Amino acid sequence: MFEATASRRQFFRGTGMTVGTLAGLGLDLKPARAAAENLKTKIHGAKEYASVCPYCAVGCGQIVSVRDGKIVNIEGNPDSPISRGTLCPKGSASYQLAVNPNRLTKVKYRAPFATEWEEKPLDWAMERIAQLTKKTRDETFVEKWEGQDREGKPVQKTVNHCAGIASLGGATMDNEWNYVQLKLARALGLIYLENQARI
Ligand code: SF4
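Residues numbered from 1 in each chain as written. Predicted model: local features only at pLDDT ≥ 70, side-chain atom pairs only at ≥ 80, totals over all residues.

Thoughts on helix 6 (residues 175-188)
The criterion, for reference: Numbering of helices and strands runs from the N terminus, with a helix taken as a DSSP run of H or I at least four residues long and a strand as a DSSP run of E at least two residues long. Given a helix with a known number of residues, its expected span is that number minus one, times 1.5 Å.
Over its 14 residues, helix 6 extends 20 Å from the first C-alpha to the last, a length consistent with the 20 Å expected when each residue adds 1.5 Å. Looking one or two places after helix 6, you find G189, whose phi comes out positive at around 90°.

Written as C-alpha cells, this is what we have:
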C-alpha cells in the first residue's frame, strides 16, 4: 500500500462541483450530499493509503483509510487510471471482508459417518489439512508414467505428479493468496488446478 497522493479535500471539491452541476438540472442531490458528509466524518483524521483491490486481475484502485492502526474505510481511488474511482460490488464490499464481527474464526467439522457438526479451532483444522495432504500425496504421488507408444512398445516418462488432490480457488480469495496456493500446489505436483474466478 502507498500513501495516497491526492488529498481527499480535492476529491470532495470535485464531487461538490459535480453535485452543483447536477443540482442545476433539477436532480435531488440530498442523498449524495448526505453520503459525502457521512464519509467525511468516517475518515476524519485517518491516514489514507492507495492500494489495489485484492480480488481480481482487473486491479481497480482503492483508498484504504486507517486510524489508530485500524481500517475505517475502503473506497474506489479516483486517481486510478484503471478504474477512476469505481469498484464493482465485490470490490466495494472489501471493507466488510477486512472488518467484520460476523467473520468466522472457527471451523465446522463433521467426522466420517457422524451426523452432527462439531466446532473446532482453526489451528486444529490447519494441522489436520496438513496431515491429510501429506498422507494423500505420499499415497498417490506418481514419479514415472508407464504406457505404450504407437507401435505398442513400452514407454516410460518422468511425470512427478499427484493426481490424488485437486486445488480449487474461489472468488473471495485475493490475488496474493491464489498466487501462493498455486505455488504450493505445483510444488506438491498437483495437476488438477482450477479457480472459479478465472476472468
Ligand atoms: S473485484 Fe471488482 S473492484 Fe476488485 S479488481 Fe475486480 S473488478 Fe475491480
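Here we look at the site of the ligand
The condition that has to hold: Using the backbone to place each C-beta atom, any residue with that atom within 6 Å of a molecule or strand is considered near it. Gly is put with the polar residues, along with every residue not named as nonpolar or charged; the nonpolar set is Ala, Val, Leu, Ile, Met, Phe, Trp, Tyr, Cys and Pro, and the charged set is Asp, Glu, Lys and Arg.
Close contacts around the ligand come from C53, Y55, C56, V58, G59, C60, S83, L87, C88, K90 and G91, and that covers them all. A breakdown of the residues in the shell around the ligand according to their chemical character gives seven nonpolar, three polar and one charged.

Focus: unusual backbone geometry
Condition: To sort residues by exposure, count the other C-beta atoms lying within 10 Å of each residue's C-beta; 20 or more gives buried, 12 or fewer gives exposed, and values between give partly exposed, all with C-beta atoms placed from the backbone.
The phi dihedral of D68 falls on the positive side, at around 55°, and the residue is not glycine. Inspection of the secondary structure puts D68 in the loop between strand 3 (61-67) and strand 4 (70-76). When the 8 C-beta atoms within 10 Å are taken as the criterion, D68 is described as exposed. Look at F113: it is not a glycine, yet its phi comes out positive at around 70°. Topologically, F113 is positioned in the loop between strand 5 (106-109) and strand 6 (118-121).

A look at the sheet that holds strand 7 (residues 141-148)
Applicable threshold: Strand pairing requires that DSSP identify at least two bridges connecting the strands. Angles here are taken between N-to-C directions and fall from 0 to 180 degrees, while the axes themselves are lines fitted to C-alpha atoms, restricted in helices to the stretch in contact. A pair of residues counts as a contact when their C-beta atoms, built from backbone coordinates, are separated by no more than 7 Å.
What the three strands build is an open sheet, ordered 7-8-9; its pairing is mixed. On the outer flanks of this sheet lie strand 7 and strand 9 (190-195), each paired with one strand and no other. Neighbour to neighbour, the strand axes of the sheet diverge by 40° on average, direction disregarded. Bridge count between strand 8 (residues 154-169) and strand 9: five bridges; the pairing is parallel. The residue bridging S167 from the neighbouring strand is L193, located in strand 9. Relative to the sheet, helix 5 (residues 122-140) contacts strand 7 and strand 8, its axis offset from that of strand 8 by approximately 160°.

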